[in-house]
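# A closer look at the structure
One-letter residues, chain by chain:
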Amino acid sequence: MRIIYFSLGWVMVALGVIGLVMPLMPGVVFLIVAAWCFARSSPRFEAWLLDHPTLGRPLRDWRAAGAIPRSAKVMACIGMTIGFVVFWYSVDPSLPLAAGVAAMFLACAAYVVSRPAMADENGI
């Protein structure tokens, strides 16, 4: 199982890094899963990820308090809104499907907003 967790950890790191530069893709979520995978397969890479100067702070905040920076909350909610608008206009869904997708996005947004907020590096 260690090799599976280790491999999955690196896939999640790759997706997380892509998510940090691609709009609408949640990078930190993938990095949280990567840290979880590395905790079960490689303490060395878990420590590397947690101590990383750029990637580590949101992971440490999440582990310490389940916290999400305010700017990340705003970006997540904006991304979900844009995602729903793109879905609405590109798929032209039936009303029940649109309501189901909207409910899913609202539940996700409620979860994100309900998490404690840690101050961003710039103090926001």
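Right, let's walk through the structure included here. (Residues numbered from 1 in each chain as written. Predicted model: local features only at pLDDT ≥ 70, side-chain atom pairs only at ≥ 80, totals over all residues. Heavy atoms only, no water.)

## Quick look at the packing of aromatic side chains
For clarity, the cut-off: The rule is short: rings of Phe, Tyr and Trp, with Trp giving its six-membered ring, pair when the centres are within 6.5 Å, and they are stacked under 30 degrees, edge-to-face over 60, tilted in between. Runs of H or I in DSSP of at least four residues are treated as helices and runs of E of at least two as strands, each being numbered from the N terminus. By the criterion adopted, a ring carries a charge over it if an Arg CZ or a Lys NZ lies within 6 Å of its centre and within 35 degrees of its normal.
Summed over all chains, the structure comprises 11 aromatic pairs. Considering the side-chain rings of Y5 and W36, the 5.5 Å spacing of their centres and the 85 degrees angle between planes classify their relative orientation as edge-to-face. Of this pair, Y5 sits in helix α1 (residues 2-21) while W36 sits in helix α2 (residues 27-41), and the two are 31 residues apart along the sequence. Taking 6.0 Å as the distance between ring centres and 45 degrees as the angle between the ring planes, the aromatic pair formed by F84 and F87 counts as tilted. Placement of the pair is F84 and F87 together in helix α5 (residues 70-91), with a separation of three residues, close to one helical turn. Clustering of aromatic rings is evident, with ring pairs tying together F6, W10, F38, F45 and W48. Above the ring of F45, the side-chain terminus of R44 is found at 4.9 Å from the ring centroid.

## A word on the packing of helix α3 (residues 43-51) against helix α4 (residues 56-65)
Applied cut-off: Here an axis means a line fitted to C-alpha atoms, over the contact stretch when the element is a helix, while the angle between two N-to-C directions is reported on a 0 to 180 degree scale. Any angle that is under 35 degrees is reported as roughly parallel, and any over 145 degrees as roughly antiparallel; angles of 65 to 115 degrees are reported as roughly perpendicular and all others as oblique. Contacts: residue pairs with any heavy atoms within 4.5 Å of one another. Three categories are distinguished: nonpolar for Ala, Val, Leu, Ile, Met, Phe, Trp, Tyr, Cys and Pro, charged for Asp, Glu, Lys and Arg, and polar for the others, with Gly belonging to the last.
Across the interface, α3 lies against α4 with an axial gap of 6 Å and an inter-helix angle of 105 degrees. In this view, α3 runs roughly perpendicular relative to α4, as classed from their interaxial angle. Contacts from E46, L49, L50 and D51 of α3 reach α4 at G56, L59, R60 and R63. By residue class, the composition of the contact of α3 with α4 is three nonpolar, one polar and four charged.

## So, the state of the cysteines
Operational definition: Disulfide: a pair of cysteine sulfur atoms within 2.5 Å of each other. Only protein chains enter the accessibility calculation, which uses a 1.4 Å probe; a residue is then buried when its area is under 20% of its type maximum, exposed when over 50%, and partly exposed in between.
Tallying each qualifying case throughout the model produces zero disulfides. As a non-bridged cysteine, C108 has C77 as the owner of its nearest cysteine sulfur, 10 Å distant. Given the relative accessible area of 37%, C108 is considered partly exposed.

## Looking at unusual backbone geometry
For D92, which is not glycine, the phi torsion reads 50 degrees and is therefore positive. Along the chain, the position of D92 falls in the loop between α5 and α6 (95-114).

## A closer look at the environment of D61
Positionally, D61 belongs in helix α4. Judged by its relative accessible area of 11%, D61 is buried. Here the alpha-carbon distance between D61 and P116, two residues 55 residues apart in the chain, equals 9.7 Å.

## Details of the nonpolar core
Let me state the cut-off plainly: Here the nonpolar core consists of buried residues drawn from Ala, Val, Leu, Ile, Met, Phe, Trp, Tyr and Cys, with membership extended through side-chain atoms lying within 4.5 Å.
Ranked by size, the top nonpolar core spans 11 residues in total: M12, V13, L31, A34, A35, F38, F45, L49, L50, L55 and L59. For this core, the elements supplying multiple residues, two or more each, are α1, α2 and α3.

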